[in-house]
Amino acid sequence: MRTDILREVKGGFKKVSVLTKIDALNALLSMAESGDILPDMIRAEFEKVRNIELEREKGGFFGGRGFAEEDTLEYIAKLEEQIEDKLR
């Protein structure tokens, strides 16, 4: 998993939240590529992972640093597209 393409910004999405969702999507992609698990089972889990809300860092002076929203959403969309392609 490459996280160097996710810029770090003040505010943004919490890193732990983003990495958790990306790890889950990567695991599903790996399962879909291996073909060991039925596609219907992967689809069910895929919908659960898709519905995971990404938590946001608090903004402002004392806010934390997280991953940029645009980068994160683009990266996740690409992973989801790869999974969908494998399940077709």
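None of these values were measured; they are calculated from a predicted model.

## Digging into helix 2 (residues 39–50)
In this model, helix 2 (twelve residues) spans 16 Å end to end at C-alpha, consistent with the 16 Å of a helix rising 1.5 Å per residue. Those residues of helix 2 that sit buried are Ile 42, Phe 46 and Val 49. Buried residues of helix 2 fall within an arc of 65° about the axis and therefore sit on the same side. The exposed residues of helix 2 that point more than 90 degrees off its buried face are Asp 40, Met 41 and Lys 48.

## Thoughts on the pattern of salt bridges
Following the criterion strictly, the structure yields twelve salt bridges and no others. Across the salt bridge formed by Arg 65 and Glu 8, the nearest N and O atoms sit 2.8 Å from each other. Of this pair, Arg 65 sits in strand 2 (residues 65–67) while Glu 8 is found in strand 1 (residues 8–10), placing the two residues 57 residues apart along the sequence. The class of Glu 8 is partly exposed, set by a relative accessible area of 40%. Between Glu 74 and Lys 78 there is a salt bridge, with the nearest N and O atoms lying 3.4 Å from each other.

## A short note on the side chain of Thr 72
Looking at the secondary structure, you find Thr 72 in helix 3 (residues 69–87). Owing to a relative accessible area of 0%, Thr 72 belongs among the buried residues under this scheme. With sequence-adjacent residues up to four places away left out, Thr 72 is seen in contact with Leu 6, Phe 13, Val 18, Leu 54 and Phe 67.

## Considering the packing of aromatic side chains
By the definition in use, this model includes zero aromatic pairs. Positioned above the aromatic ring of Phe 67, the side-chain terminus of Lys 15 is 5.8 Å from the ring centre.

Cut-offs applied
- Residues numbered from 1 in each chain as written.
- Predicted model: local features only at pLDDT ≥ 70, side-chain atom pairs only at ≥ 80, totals over all residues.
- Heavy atoms only, no water.
- Helix = DSSP H or I, 4+ residues; strand = E, 2+ residues; numbered from the N terminus.
- Expected span 1.5 Å × (residues − 1).
- Buried < 20%, exposed > 50% of the residue type's maximum accessible area, 1.4 Å probe, protein only.
- Arc of directions from axis to C-beta.
- Salt bridge = Lys/Arg side-chain N within 4 Å of Asp/Glu carboxyl O.
- Contact = heavy atoms within 4.5 Å.
- Phe/Tyr/Trp six-rings, centres within 6.5 Å; stacked < 30°, edge-to-face > 60°.
- Lys NZ or Arg CZ within 6 Å of the ring centre and 35° of its normal.

Honestly, that's just the spatial picture; any functional story needs more than this.
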